Amino acid sequence: MNLLIPLMLFAASPVLPPSPDSSGGSSGPVPNRGDVGVISPTGSSGAIGSLDLPTAFAISALVLVAIALTAIAVTTLWWMLHAWKSDGNLKRTGFSEKTLPPAHSFTLLVPGRHEEEVMGQTLDVLATQTHPNVQIIAIVGHDDPGTERVAREAAARHPHLISVVVDHSAPKNKPRALNTALASATGDIIGVFDAEDEVHPGLLRLIDSKFTETGAAVVQGGVQLMNFRSSWWSLRNVLEYYFWFRSRLHFHAGARFIPLGGNTVFVRREWLEFTDGWDAECLAEDCELGVRLSSAGAEVVVAYSPEVVTREETPGNLTSLFKQRTRWNQGFLQVLRKGEWKKLPTRKQRLFARYMLAMPFLQAISGIMIPISLVLILFVKVPTVIAMITFIPIAPTLVTVAVEIAGLGDFGRIYNEKVRVRDYVRLILGTFPFQVFLAAAAIRAVFRQLQGETGWEKTEHSGVHREAAVAAVAPAAIVSPDLSELEDFSSISNNEDEFARATDPRETVSEGSNR
């Protein structure tokens, strides 16, 4: 949500009460407010009724945007806090304490394009899964010899686990690659991972147990960006993922409308066959699949246990992040236009879906209002009551920032990362620039959608999250699943060297080759 508008109004023209004189009137006009001795929507000076039509329209739009931003702020805050509303909610966000015996077979799809820097290590780590029935398929483009070489080297190290599928489709994108490999999948459960993912060796045993316990069609595991110190915006990006997977997705699952994540997501084969796989034209294939499955009545459960989250890195620079957010926003707009959400069984679900999928439009509108608000500040006498309305979104925003500060401390405690004072300062100072940045990405997404531009803009990866591997997870912060039988990797070790060995491909190669 973009709340720069009321802050700019606040900085440029503070709302002050009139100074009383002997007659009870005002001592003089307040700058840019006209006469405000009595606040009245029909007053003469500075009232909307006395303004020309374009100015009145602009001010009315400003009021509507302020109200809309308030609604977005309040609902976003409510979803962020869902997991912490009660001890029961927090407990239900994780995996069960007791792990059931394996009962399913898995096929893991790992698409990669120009990912030679990270793909090999990801495949080596996946080969250490303790589940007894795993097939791993690396998917590479026919025009990407570097990634294909790395994938085939990994397959040679783990010949009984990893195979390579070459994608000849055009144009290249992730959903086409997934659909290409689906024909070679043999597992009961199809899982998706990205080329840079750091995956816990015991994850599939827990996912298997979750399917058995719930009978769900889909299990969405947790994903967590880790490199929060890389830049001012990476800090906010990390927190976004923390609240999204720890809390918000659980709310969506409870509402039976969920835009799935792009990886660490597991779907029963029969449901993928029912939906004909992934939409090859959609820029947010994960969201689109989640909407179709939700509309078809599929049960989705979400599990986030910090010990076993899939670790990732933030995009390497602002340009890459900007393109990523543009793609996600445009994907949401594609799903909105496609209309599968209209098949949801209840009106409440459909309203919720429309609201969620239309969010890029709301962000774009708020971004467009920035220059309009500047014009109003400089050249128009804004009635005091209007100026006061623009302050309304500030209250939930301040509460949201307070929640984010608490969330950053919680993240540091759970992942054994020392959060410094400067990190909190960066979090606070980056709030409004980051929202303006997201609004700009939403504007670009809307324009691309209107112009029919649907090219896939790839996010580059370099493995920063592996260079700064997390050493430990505080056991008191979560309900720990029982991993005692998952080989000798019962939980992430408190010893940093032990954890590094567990995720070092030089160690995992020999371990995986013996399986």
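What you see is a predicted model, and the numbers here were worked out from it, not measured in a lab.

**Regarding the overall build of the protein**
Link 1 in the chain: If you tally the helices and strands in the protein, you get 20 helices and 9 strands.
Link 2 in the chain: Looking at the 515 residues of the protein, the share that counts as buried comes to 57%.
Link 3 in the chain: When contacts within the protein are restricted to residue pairs at least 6 apart in sequence, long-range pairs at least 24 apart make up 83% of them.

**Quick word on helix H17 (residues 431-451)**
Link 1 in the chain: An ideal rise of 1.5 Å per residue puts 30 Å on 21 residues; H17 measures up with 31 Å between its terminal C-alpha atoms.
Link 2 in the chain: Along H17, the residues that are buried comprise Thr 431, Phe 434, Gln 435, Phe 437, Leu 438, Ala 439, Ala 441, Ala 442, Ala 445, Val 446, Arg 448 and Gln 449.
Link 3 in the chain: Two residues or fewer past H17, Gly 452 is found with a positive phi of approximately 75°.

**Focus: the sheet that holds strand E3 (residues 162-167)**
Link 1 in the chain: The sheet built from 7 strands is open, its strands ordered E3-E2-E1-E4-E7-E5-E8 with mixed pairing. Among the strands making up the open sheet, the edge pair consists of E3 and strand E8 (300-303). Within this sheet the neighbouring strands show an average axis-to-axis angle of 20°, counted without direction.
Link 2 in the chain: In the sheet, strand E2 (residues 134-141) pairs with E3 via 6 bridges, with the strands oriented parallel. Bridge pairing in E3 links Ala 138 to Val 164.
Link 3 in the chain: Helix H8 (residues 232-255) contacts strand E5 (218-221) and E8 of the sheet and is inclined by roughly 165° relative to E8.

**Let's talk about the packing of helix H10 (residues 285-295) against helix H11 (residues 318-338)**
Link 1 in the chain: The contact between H10 and H11 brings their axes to 9 Å, and the two run at 30°. The orientation of H10 relative to H11 falls into the category roughly parallel. Read as a crossing pair, H10 and H11 show a hand that is right-handed. Of the residues in H11, those in contact with Cys 287, Glu 288, Val 291 and Arg 292 of H10 are Phe 332, Val 335 and Lys 338.
Link 2 in the chain: Classifying every residue of the contact of H10 with H11 gives 4 nonpolar, no polar and 3 charged.

**Considerations on the nonpolar core**
One recurring pattern in soluble globular proteins is that nonpolar side chains are buried together.
Link 1 in the chain: Core analysis: the largest hydrophobic core is formed by 48 residues, its most contacted members being Leu 109, Val 218, Leu 260 and Trp 278.
Link 2 in the chain: The greatest single-element share of this core, amounting to 9 residues, is contributed by H8.
Link 3 in the chain: The contacts of Trp 278, once residues within four sequence positions are left out, are Leu 109, Pro 175, Leu 178, Asn 179, Leu 182, Ile 190, Val 192, Leu 272, Glu 285, Leu 289 and Arg 292.
Link 4 in the chain: In terms of nonpolar packing, the next biggest core, distinct from the first, is built from 35 residues, Val 140, Val 150, Ala 216 and Ala 303 among them.

**Brief notes about unusual backbone geometry**
Link 1 in the chain: With an omega of -5°, the peptide bond between Ala 170 and Pro 171 qualifies as cis.
Link 2 in the chain: Turning to its location among the elements, Pro 171 is positioned in the loop between E3 and helix H6 (174-182).
Link 3 in the chain: The backbone of His 114 shows a phi angle near 55°, a positive value even though the residue is not glycine.
Link 4 in the chain: For His 114, a relative accessible area of 45% translates into the label partly exposed.
Link 5 in the chain: With a phi close to 55°, Asn 416 is a non-glycine residue in the positive phi region.
Link 6 in the chain: On the secondary structure map, Asn 416 appears in the loop between helix H15 (394-414) and helix H16 (421-429).

**Observations regarding the side chain of Thr 93**
Link 1 in the chain: Among the structural elements, Thr 93 can be located in the loop between helix H3 (87-92) and strand E1 (106-111).
Link 2 in the chain: Of the residues examined, Thr 93 reaches a relative accessible area of 3% and is grouped as buried.
Link 3 in the chain: At 2.6 Å, the side chain of Thr 93 forms a polar contact with the backbone oxygen of Leu 90.
Link 4 in the chain: If we skip the residues at most four places from it in the chain, Thr 93 touches Ala 83, Arg 246, His 250, Val 302, Ala 303 and Tyr 304.

**Description of the state of the cysteines**
Link 1 in the chain: Counted by the stated rule, this structure contains 0 disulfides.
Link 2 in the chain: Considering cysteine sulfurs only, Cys 287 is the nearest to Cys 282, which forms no disulfide, with 6.7 Å between them.

**A look at the pairing of strand E7 (residues 265-268)**
Link 1 in the chain: Going residue by residue along E7, you find Val 265 and Val 267 tucked away on one face and Phe 266 and Arg 268 tucked away on the opposite face as well.
Link 2 in the chain: Note: E5 against E7, 3 bridges, orientation antiparallel. Across the sheet, Val 218 pairs through a bridge with Val 267, a residue of E7.

**Notes on the pattern of salt bridges**
Link 1 in the chain: Going through the model one piece at a time under the given rule, you end up with 22 salt bridges.
Link 2 in the chain: Measuring nitrogen to oxygen at the nearest pair gives 3.2 Å for the salt bridge that ties Arg 229 to Glu 417. Of this pair, Arg 229 sits in the loop between strand E6 (223-225) and H8 while Glu 417 sits in the loop between H15 and H16, and the two are 188 residues apart along the sequence.
Link 3 in the chain: Note on Arg 229: relative accessible area 34%, which makes it partly exposed.
Link 4 in the chain: Taking relative accessible area as the criterion, Glu 417 reaches 17% and is therefore assigned buried.
Link 5 in the chain: The partner of Arg 448 in a salt bridge is Glu 453, with the nearest N and O atoms 3.6 Å apart.
Link 6 in the chain: For Arg 448, a relative accessible area of 9% corresponds to the buried category.
Link 7 in the chain: Sharing partners across several salt bridges, the network here consists of Asp 279, Glu 288, Arg 292 and Lys 338.

**Looking at the confidence of the model for the protein**
Low pLDDT means the predicted coordinates in that region are not meant to be read closely.
Link 1 in the chain: Model confidence for the protein is summarised by a mean pLDDT of 82, while 78% of its residues fall at 70 or above.
Link 2 in the chain: Segment residues 505-515: pLDDT under 50, and 23 contacts once partners within four positions in sequence are set aside and those in other chains are kept.

**Some thoughts on the environment of Ile 190**
Link 1 in the chain: Relative to the elements of secondary structure, Ile 190 occurs in strand E4 (residues 189-192).
Link 2 in the chain: Leaving out residues up to four positions away in the same chain, Ile 190 has contacts with Thr 107, Leu 109, Leu 182, Ala 185, Val 265, Phe 266, Val 267, Arg 269, Leu 272 and Trp 278.

**Concerning the packing of H8 against H11**
What describes two packed helices is the angle between their axes and the distance between those same axes.
Link 1 in the chain: Put simply, H8 and H11 touch, their axes get as near as 11 Å, and they point 35° apart. H11 is crossed by H8, and the crossing has left-handed handedness. Between H8, through Trp 232, Trp 233, Asn 237, Glu 240 and Tyr 241, and H11, the contact on the second element is made entirely by Leu 318, Leu 321, Arg 325 and Trp 328.
Link 2 in the chain: Partitioning the contact of H8 with H11 into residue classes produces 6 nonpolar, 1 polar and 2 charged.

**Focus on the environment of Gly 277**
Link 1 in the chain: Locating Gly 277 in the fold gives a position in the loop between helix H9 (269-274) and H10.
Link 2 in the chain: Considering only alpha carbons, one finds Gly 277 and Pro 175, 102 residues apart in sequence, at a separation of 8.4 Å.
Link 3 in the chain: Beyond its immediate stretch of four places on either side in the chain, Gly 277 contacts Asn 179, Leu 182, Leu 272, Leu 289 and Arg 292.

What counts and what doesn't
- Residues numbered from 1 in each chain as written.
- Predicted model: local features only at pLDDT ≥ 70, side-chain atom pairs only at ≥ 80, totals over all residues.
- Heavy atoms only, no water.
- Helix = DSSP H or I, 4+ residues; strand = E, 2+ residues; numbered from the N terminus.
- Buried < 20%, exposed > 50% of the residue type's maximum accessible area, 1.4 Å probe, protein only.
- Contact = heavy atoms within 4.5 Å.
- Expected span 1.5 Å × (residues − 1).
- Pairing = 2+ DSSP bridges.
- Axes fitted to C-alpha atoms, helices over the stretch in contact; angles between N-to-C directions.
- Parallel < 35°, antiparallel > 145°, perpendicular 65-115°, else oblique.
- Left-handed = near helix turned anticlockwise from the far one by under 90°.
- Nonpolar A, V, L, I, M, F, W, Y, C, P; charged D, E, K, R; others polar.
- Core = buried A, V, L, I, M, F, W, Y, C linked by side-chain atoms within 4.5 Å.
- Polar contact = N/O pair within 3.5 Å; in protein donor to acceptor, adjacent residues only side chain to side chain.
- Disulfide = S-S within 2.5 Å.
- Salt bridge = Lys/Arg side-chain N within 4 Å of Asp/Glu carboxyl O.
- pLDDT = per-residue confidence, 0-100.

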